[in-house]
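Close look at the chain arrangement
Spelled out from the first residue to the last, the chains are:
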Amino acid sequence: MNSRTTIAGLTFGVLLLSSFAAAGPVPVRGASKNGVNSSQPQMNLFGPTQPQSSNGGDVGIATQVICPNQDVAGASANDSSVFPGDNASYKKSGACLSGLTKFLFQVQPTTNLKNVTVTISGLVGFTPGTDPNVDFNNPTYGVQLCDDGGNTLELCTNLTADLLPVMTATVNAKANKVTFTVKKLTPTTAPQGVDYEGQGLTFEVITQQPTETPIAVPKINVN
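All values reported here derive from a predicted model rather than from experimental measurement.

1. Thoughts on the nonpolar core
Within the largest apolar cluster, 36 residues are counted, with the highest numbers of intra-cluster contacts made by Tyr141, Val143, Leu164, Met167, Val178, Phe180 and Phe203. Mapped by element, the contributors of at least two residues to this core are β4 (59-66), β5 (100-109), β6 (113-121), β9 (141-145), β10 (167-171), β11 (177-185) and β12 (201-208). Ignoring sequence-local partners within four residues, the contact set of Phe203 consists of Phe103, Leu104, Phe105, Val107, Val118, Ile120, Gly142, Val143, Met167, Phe180 and Val182. Ranked by size, the runner-up nonpolar core spans 5 residues in total, among them Met43, Ala62, Ile66 and Leu155.

Structure representation (C-alpha cells):
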C-alpha cells in the first residue's frame, strides 16, 4: 500500500467556490475523518457494492452510503429514537438519524481513458463547501482518499493528494449536480487498497436530507 497522508486541513476557502457554477480544483477528504473500522456498525448504511459495469464496459462503479455522524438508525448506543412497537419511529430505520448522508462512488476503469466526465446528479440537500455538522475543514464533495487513520472499510482512492490525476470540479447553479472532469484515467491510476478500499477514483458527496423520509439517492454517469 502506498505511503498516505490524512487529509484534514486543506486551504479550502479558495476551493469553496471557485467551483460553484465554474470549473475549479477538486477538494479531497480523508476516509477516516468520520470514524474507524470499529465505528462501521454506526456508520455504514449500505455497501460497498460490487462494481457495476458502465459506459459500455469501460468502467465499473462501486457504491457505498455512510452516516458521517455515526448515527445509523437503531445501531447507535445513544439512539433512543427507535422504540419497539412504535411504527412511526420505525420509519427511521435504514437511514442516518441526523439526515447527514455521504454517498461514495468508486470509478474503476478497465481501459485507458482521456477527458473522462463523471457527473453526480439528482442531489437533494446538497450545499457545496464544507461540512458544518462534522468539521469546517472537510468538503461536502470531491475525492475521498485512503489514509492511515484506521478506516479500511470504506471506498477510497489509494493515493495522496499530490499524486491524483489532473481534474477539475464544477457545481451547477442549482447545487443539484457535481461534474468532475479527469484528464486521464487508467486501470493503474489508483492502485488496489486493503479490505474494502477498492481500486480507482472514489468520488464523494455529502447531503443533509430530511429525516423520516425515503433517501434521495443521487445518480452517477461516466462518459
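2. Overview of the layout of surface pockets
A volume near 180 Å³ is recorded for the largest pocket. Around the largest pocket sit Pro48, Thr49, Gln50, Pro51, Ala62, Gln106, Gln108, Leu155, Gln192, Asp195, Tyr196 and Gly198, which together line it. Here the lining of the largest pocket is built from residues that sort into 5 nonpolar, 6 polar and 1 charged.

3. Quick notes on empty space enclosed by the protein
Tallying each qualifying case throughout the model produces 2 cavities of 30 Å³ or more. Roughly 60 Å³ of volume is contained in the largest cavity. Looking at the second largest cavity, the residues that line it are Lys92, Ala95, Cys96, Leu97, Thr211 and Glu212. Grouping the constituent residues of the lining of the second largest cavity by class yields 3 nonpolar, 1 polar and 2 charged.

4. Let's talk about the confidence of the model for the protein
Considering every residue of the protein, the mean pLDDT works out to 83; 78% of them sit at 70 or more. Under a pLDDT of 50 for its full length, residues 1-22 has, in the predicted model, 63 contacts with residues more than four places off or in other chains.

5. Here's the deal with the pairing of β6
Sheet topology note: the β6/β11 ladder contains 8 bridges and is antiparallel. Among the inter-strand pairings, Lys114 is bridged to a residue of β11, identified as Lys184. Direction of pairing for β6 relative to strand β13 (residues 219-222): antiparallel, over a ladder of 4 bridges. For Ser121, the partnering residue across the bridge sits in β13 and is Lys219.

6. Focus on the pattern of salt bridges
On inspection of all chains with the given rule, the structure shows 1 salt bridge. Glu154 serves as the salt-bridge partner of Lys102, at 3.3 Å between the closest nitrogen and oxygen. Of this pair, Lys102 sits in strand β5 while Glu154 sits in the loop between β9 and β10, placing them 52 residues apart in sequence. Take Lys102 and Glu154: they sit in the same class, and that class is buried.

7. What to know about the state of the cysteines
Under the counting rule described, the total for this entry stands at 2 disulfides. Disulfide partner of Cys67: Cys96, at an S-S distance of 2.0 Å. When the S-S torsion is -90 degrees, as for the bridge of Cys67 with Cys96, the disulfide is left-handed. Separated by 29 residues along the polypeptide, Cys67 in the loop between β4 and α3 (87-90) and Cys96 in the loop between α3 and β5 bring together distant segments of the chain. We classify Cys67 as buried; its relative accessible area is 0%. For Cys96, a relative accessible area of 4% gives the class buried. Cys146 shares a disulfide with Cys156; S-S distance 2.0 Å. Here the disulfide of Cys146 and Cys156 is right-handed, its torsion about the S-S bond being about 90 degrees. One end of the pair, Cys146, is in the loop between β9 and β10; the other, Cys156, is in the loop between β9 and β10, with 10 residues separating them in the sequence. For Cys146, a relative accessible area of 0% corresponds to the buried category.

The rules behind these values
- Residues numbered from 1 in each chain as written.
- Predicted model: local features only at pLDDT ≥ 70, side-chain atom pairs only at ≥ 80, totals over all residues.
- Heavy atoms only, no water.
- Core = buried A, V, L, I, M, F, W, Y, C linked by side-chain atoms within 4.5 Å.
- Buried < 20%, exposed > 50% of the residue type's maximum accessible area, 1.4 Å probe, protein only.
- Helix = DSSP H or I, 4+ residues; strand = E, 2+ residues; numbered from the N terminus.
- Contact = heavy atoms within 4.5 Å.
- 1 Å grid on protein atoms, 1.4 Å probe; cavity = no way out; pocket = protein on both sides within 12 Å on 5 of 7 lines; lining within 4 Å.
- Points joined across faces, edges and corners; volume = space filled by probe spheres on them.
- Nonpolar A, V, L, I, M, F, W, Y, C, P; charged D, E, K, R; others polar.
- pLDDT = per-residue confidence, 0-100.
- Pairing = 2+ DSSP bridges.
- Salt bridge = Lys/Arg side-chain N within 4 Å of Asp/Glu carboxyl O.
- Disulfide = S-S within 2.5 Å.

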